[in-house]
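These are the residues of each chain, in order.
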Amino acid sequence: PTSCFTNGDYRFKLLRGAADSLSMEKPKVLIVDDSDQYATVLKKLLVQVFGFKDVVRVDNTTAGFNLIKEKPEEFGLLFVDYNFPDGNNGGQFL
């Protein structure tokens, strides 16, 4: 099962079992965002405030999709920007 929610510029998606693992071991996180500023701040918050150890960032939906396609079970939490310069959006990605 998955859960998806929106907060302004971001769509968040918890993948298979990630909600359970949030209270135990932190899942690997994928940030898909073309903005260096937002991605940097989000990564710092995740690592320094929430204790996530493994946070990966890519700047486009194609790179994000390829990472998930290669190893679908690797990421437990996704942060996806909604609008990208190439016309793709976070809704399509999710």
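First things first, this report covers the structure right here in the doc. Remember, predicted model here, so these are calculated numbers, not experimental data.

Focus on the overall build of the protein
And then number 1: Regarding its fold elements, the protein presents four helices and five strands.
And then number 2: For the protein, the succession of helices and strands along the chain, N to C, is β-β-α-β-α-β-α-β-α.
And then number 3: Taken across its 94 residues, the protein has 35% of its residues classed as buried.
And then number 4: Taking all contacts inside the protein whose residues are at least 6 apart in sequence as the whole, residues at least 24 apart take part in 66%.

Structural notes on the side chain of Asn89
And then number 1: With respect to the secondary-structure elements, Asn89 resides in the loop between strand S5 (77-81) and helix H4 (90-93).
And then number 2: Given the relative accessible area of 17%, Asn89 is considered buried.
And then number 3: A polar side-chain atom of Asn89 sits 2.8 Å from the main-chain amide nitrogen of Gly91.
And then number 4: Here the side chain of Asn89 touches Gln92 through a polar contact of 2.8 Å, landing on its backbone nitrogen.
And then number 5: Once residues lying within four places of it in the same chain are set aside, the contact partners of Asn89 are Thr61, Tyr82 and Phe84.

Some thoughts on the environment of Lys43
And then number 1: Mapped onto the fold, Lys43 is located in helix H2 (residues 36-49).
And then number 2: On the accessibility criterion, Lys43 (35% relative accessible area) is partly exposed.
And then number 3: Once the C-alpha coordinates of Lys43 and Val56 are considered, the two residues, 13 residues apart in sequence, prove to be 8.4 Å apart.
And then number 4: In this view, Lys43 contacts Ile31 and Val55; residues no more than four positions away in its chain are not counted.

A closer look at H2
And then number 1: Its 14 residues place the ends of H2 19 Å apart at the C-alpha level, agreeing with the 20 Å of an ideal helix rising 1.5 Å per residue.
And then number 2: Backbone geometry just downstream of H2 places Gly51 in the positive-phi region, at approximately 80°.

Some points on the nonpolar core
And then number 1: Ranked by size, the top nonpolar core spans nine residues in total: Val29, Ile31, Ala39, Leu42, Leu46, Phe52, Val55, Leu77 and Phe79.
And then number 2: Mapped by element, the contributors of at least two residues to this core are strand S3 (29-32), H2 and S5.
And then number 3: No other element matches the three residues that H2 contributes to this core.
And then number 4: Grouped together as the second largest cluster of nonpolar side chains are eight residues, Val58, Phe75, Leu78 and Phe93 included.

Some details on the pairing of S5
And then number 1: Burial runs high along S5: five of the five residues are buried.
And then number 2: Residues Leu77, Phe79 and Asp81 of S5 are buried on one face, and the alternating residues Leu78 and Val80, pointing to the opposite face, are buried as well.
And then number 3: For S3 and S5, the ladder comprises four bridges, and the chain directions are parallel. Pairing of Val32 across the sheet is with Val80, part of S5.

Rules of the game
- Residues numbered from 1 in each chain as written.
- Predicted model: local features only at pLDDT ≥ 70, side-chain atom pairs only at ≥ 80, totals over all residues.
- Heavy atoms only, no water.
- Helix = DSSP H or I, 4+ residues; strand = E, 2+ residues; numbered from the N terminus.
- Buried < 20%, exposed > 50% of the residue type's maximum accessible area, 1.4 Å probe, protein only.
- Contact = heavy atoms within 4.5 Å.
- Polar contact = N/O pair within 3.5 Å; in protein donor to acceptor, adjacent residues only side chain to side chain.
- Expected span 1.5 Å × (residues − 1).
- Core = buried A, V, L, I, M, F, W, Y, C linked by side-chain atoms within 4.5 Å.
- Pairing = 2+ DSSP bridges.

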